[in-house]
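Examination of the molecular architecture
Each chain is listed here by its residues.
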Amino acid sequence: MTVSIGFEGSANKVGVGIIRDGTVLSNERETYVTPPGTGFQPRDTAMHHRSKILAVLKRAMEKANVTSADIDCISFTKGPGMGAPLNVLAVVARTVALLWKKPLVAVNHCIGHIEMGRLITGAKNPIILYVSGGNTQVIAYSQKRYRIFGETIDMAVGNCLDRFARVLKIPNDPSPGYNIEQRAKQGNKLITLPYAVKGMDVSFSGITSFIEKAAKTKLESGECTPEDLCFSLQETVFAMLVEITERAMAHCNSTEVLIVGGVGCNKRLQEMMGVMAAERGATLYATDMRFCIDNGAMIAQAGWEMFRSGVTTPLEDTWVTQRYRTDDVLVQWRE
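Report on the accompanying structure. Predicted model only: the values in this text are computed from it and were never measured.

1. Regarding the overall build of the protein chain
- Helix and strand content of the protein chain: 10 helices and 12 strands.
- Against the globule reference of 20 Å for 335 residues, the protein chain gives a C-alpha radius of gyration of 20 Å, in line with a compact fold.
- With respect to the three principal axes, the spread of C-alpha positions in the protein chain is 65 × 45 × 30 Å.
- Residues counted as buried form 55% of the 335 residues belonging to the protein chain.
- Here the protein chain carries 37 positive and 34 negative side-chain charges, and the mean point of each set is 3 Å from the other.

2. Considerations on the sheet that holds strand 3 (residues 23-31)
- Taking strand neighbours across the sheet as the criterion, the 5 strands line up as 3-2-1-4-5 in an open arrangement whose pairing is mixed. Taken across any chain shown, the strands that pair with only one partner, and hence form the sheet edges, are strand 3 and strand 5 (104-108). Taking each pair of neighbouring strands and ignoring which way they run, the sheet shows an average axis angle of 20 degrees.
- Where strand 2 (residues 13-20) and strand 3 come together, 8 bridges link them in antiparallel fashion. Bridge assignment links G17 to a residue of strand 3, and that residue is N27.
- The sheet contacts of helix 3 (residues 109-121) involve strand 1 (3-8), strand 2, strand 3, strand 4 (73-79) and strand 5, and relative to strand 5 the element is tilted by about 90 degrees.

3. Describing the packing of aromatic side chains
- According to the stated counting rule, one finds 1 aromatic pair in the structure shown.
- Geometry around W319 places K78 over its ring, the cationic atom sitting 3.3 Å from the centre.
- Lying over the aromatic face of Y141, R334 brings its terminal NZ or CZ to 4.1 Å of the ring centre.

4. What about the packing of helix 6 (residues 205-221) against helix 7 (residues 226-252)?
- At their nearest, the axes of helix 6 and helix 7 sit 11 Å apart, and the two run at 160 degrees to each other. With respect to helix 7, the element helix 6 is oriented roughly antiparallel. Considering only the axes of helix 6 and helix 7, their crossing is right-handed. Residues I207, I211, A215 and L219 of helix 6 lie in contact with helix 7, whose contacting residues are P226, L229, L233, T236 and V237.

5. Section: the pattern of salt bridges
- Inspection of every chain in the model, using the stated rule, returns 13 salt bridges.
- Here K218 and E223 are joined by a salt bridge, their closest N and O atoms 3.1 Å apart.
- Of the charged contacts, one joins R268 and E235 as a salt bridge, the two residues approaching to 2.7 Å between their closest N and O atoms. Here E235 lies in helix 7 and R268 lies in helix 8 (residues 267-279), a separation of 33 residues in the sequence.
- Bridged by salt links that share partners, the residues E28, E30, R59 and K63 form one connected network.

6. What to know about the pairing of strand 6 (residues 127-131)
- Burial analysis of strand 6 places 5 of its 5 residues in the buried class, which makes it a mostly covered element.
- The alternating pattern of strand 6 places I127, L129 and V131 on one face and I128 and Y130 on the opposite face, and all of these are buried.
- Of the pairings in the sheet, the one linking strand 6 to strand 11 (residues 256-260) comprises 4 bridges and is parallel in character. Residue pairing across strands places L129 opposite I259, the latter belonging to strand 11.
- For strand 6 and strand 7 (residues 136-142), the ladder comprises 4 bridges, and the chain directions are antiparallel. Pairing of V131 across the sheet is with T136, part of strand 7.
- The turn linking strand 6 back onto strand 7 is made up of 4 residues.

What counts as what
Residues numbered from 1 in each chain as written. Predicted model: local features only at pLDDT ≥ 70, side-chain atom pairs only at ≥ 80, totals over all residues. Heavy atoms only, no water. Helix = DSSP H or I, 4+ residues; strand = E, 2+ residues; numbered from the N terminus. Rg over C-alpha atoms; globule rule 2.2 N^0.38 Å. Buried < 20%, exposed > 50% of the residue type's maximum accessible area, 1.4 Å probe, protein only. Lys, Arg positive; Asp, Glu negative; His and termini not counted. Charge placed at Lys NZ, Arg CZ, Asp CG, Glu CD. Pairing = 2+ DSSP bridges. Axes fitted to C-alpha atoms, helices over the stretch in contact; angles between N-to-C directions. Contact = heavy atoms within 4.5 Å. Phe/Tyr/Trp six-rings, centres within 6.5 Å; stacked < 30°, edge-to-face > 60°. Lys NZ or Arg CZ within 6 Å of the ring centre and 35° of its normal. Parallel < 35°, antiparallel > 145°, perpendicular 65-115°, else oblique. Left-handed = near helix turned anticlockwise from the far one by under 90°. Salt bridge = Lys/Arg side-chain N within 4 Å of Asp/Glu carboxyl O.

Have a look at this one:
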């Protein structure tokens, strides 16, 4: 049996998870929540993580009912993400590894999402839509790499939703994207918004700028409600994502699609993707908030896969990076 502990803190979630041979023993986390209309800054987020991480680690160990002697490897997020929060978790991971005399495994955050999705859903070789606050990519596995078929050319879809939530002063608890989703359910008028698909890539900066400016005038004139705007934004950006995902499925002749990342929790996105998959005779795989949203267990799982394939990270190479592409990683654990 191999037990991996994972430390995640690339954005506003700080988490510790423990995996034993594909079984999630614990998955504890805390979220840094800012007031409505505001985002989270790197320095403040890092201070939050620093104040919470030891308590989260203790809870994870207690819930998993393991001791340091049971742990085989220490996995942590190397990147991508926000520099200051990443550094906090890297320091903790190094310290724990030295104290417990365990090997370190530096994990790509995006790979963590993918491997957790594969573990939980049982998807074999899906086309992957990875959507979060910092990333938007359509991915397929080939020849020891997760190949990026399409991606955003500017901002991530989650960032687009978060920025609009700030315009409407929508609460950040539990997350702005979740609260937009709930308001969108009450909307019934589709407002025409910019639709920017460029080949296999997407662009969200234009639609974000447009709706930020249009919101005030349309709401003041009574042309629509905040709920209508939330509904319209979701429908438009999710249609763009479904389009490029279907194109990747056609190219690869795939019969599976897996949605991962924080935005992947959105039930409307899952519904739209499910319709497309059904029309193609394909199967949709998705997870819930426990595993879609950033968490330590996904880092533990990716670290488990890497460690079992012989990958460890020397202490001098445990630096973090804000830019670490999915296709930079050699996927030694898959055939």
